[in-house]
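Results of the structural survey
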Amino acid sequence: MQQLPLGIRLRTDASFDNFLAAGNDALLRALRQFALAPTPAATVFLHGGPGSGRSHLLHAVAAAADAAGRNVALLPLTLPGLQPEVLTGFDGSDLLCVDDLDTVCADPAWALALFNLFNAVRDRGGQLLFSADRPPALLPCGLPDLQSRLASMLVFAVQELSDDDKQRLLIQRGEERGLRVPPDVAQYLISRHSRAVADLLALLDKLDHASLSEQRRLTLPFVRQVLGS
């Protein structure tokens, strides 16, 4: 796995198997194939709002490609202090995954660096997987040529989870930890706290730690005690 000197590591909790499809079945099938070998669409663009699972899917693709022995690189552009020069050397990847494109593409220097990287990877037969919070046509790119390249990619919208799906996700992630999350607890968390998936999973982390520390099962009274609500 090609890495930056910044200590980027693949998320061990992100895989295709533990991504709750919920309307994204066709996308998952396409990404599984994309991770393993070049496909007719060598460039793929994912977009979705916060908590849609875009980053989870990029990590899942990178992990599957790495396990298949491919030269894969993953770059989250939300890392603090990044400059366009950090893209140097990534053109040698068989598969390059770039997350959170929307955070930098309005900057002309970043846009030019991304444009050059796009061309270099594509020209040598590599694959590109980009993600952003909106489709390419709505990105405020600082370079029209980059906007044109992004528009040429195969574009998928990541469908966001319904409240019922989020309850299923909490129960599923609890099972992965050996923590039973009763349906009434999952419903309570969603109805009384932030519905953002990242926030819900952070609550689950807190409850898991409290359950282990106090050797107690998750019940509504215990959850209210831990969360002060």
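Take the state of the cysteines next. This structure, assessed with the given rule, holds zero disulfides. Take Cys97: it sits in no disulfide, and the sulfur closest to it among the cysteines is that of Cys105, at 18 Å. A relative accessible area of 0% places Cys97 in the buried class. Left without a disulfide partner, Cys141 is nearest to the cysteine sulfur of Cys105, which lies 4.0 Å away.

Across the sheet, which stays open at both edges, the five strands sit in the order S2-S3-S4-S1-S5 with parallel pairing between neighbours. Because the sheet does not close on itself, it has two edges, and the strands there are strand S2 (72–76) and strand S5 (154–157). Taking the axes of each pair of neighbouring strands and ignoring which way they run, one obtains an average angle of 15° across the sheet. As judged from the five bridges shared by S2 and strand S3 (residues 95–99), these two strands associate in the parallel manner. Among the inter-strand pairings, Val72 is bridged to a residue of S3, identified as Leu95.

Looking now at the packing of aromatic side chains. A complete count under the given rule lists one aromatic pair for this structure. Ring centres of Phe118 and Phe130 lie 6.2 Å apart, and the angle between their planes is 65°; this geometry places the pair in the edge-to-face category. Note that Phe118 is positioned in helix H3 (residues 108–123) and Phe130 in strand S4 (residues 127–132), a separation of 12 residues in sequence. Each member of the pair Phe118 and Phe130 is classed as buried.

Criteria and cut-off values
Residues numbered from 1 in each chain as written. Predicted model: local features only at pLDDT ≥ 70, side-chain atom pairs only at ≥ 80, totals over all residues. Heavy atoms only, no water. Disulfide = S-S within 2.5 Å. Buried < 20%, exposed > 50% of the residue type's maximum accessible area, 1.4 Å probe, protein only. Pairing = 2+ DSSP bridges. Helix = DSSP H or I, 4+ residues; strand = E, 2+ residues; numbered from the N terminus. Axes fitted to C-alpha atoms, helices over the stretch in contact; angles between N-to-C directions. Phe/Tyr/Trp six-rings, centres within 6.5 Å; stacked < 30°, edge-to-face > 60°.

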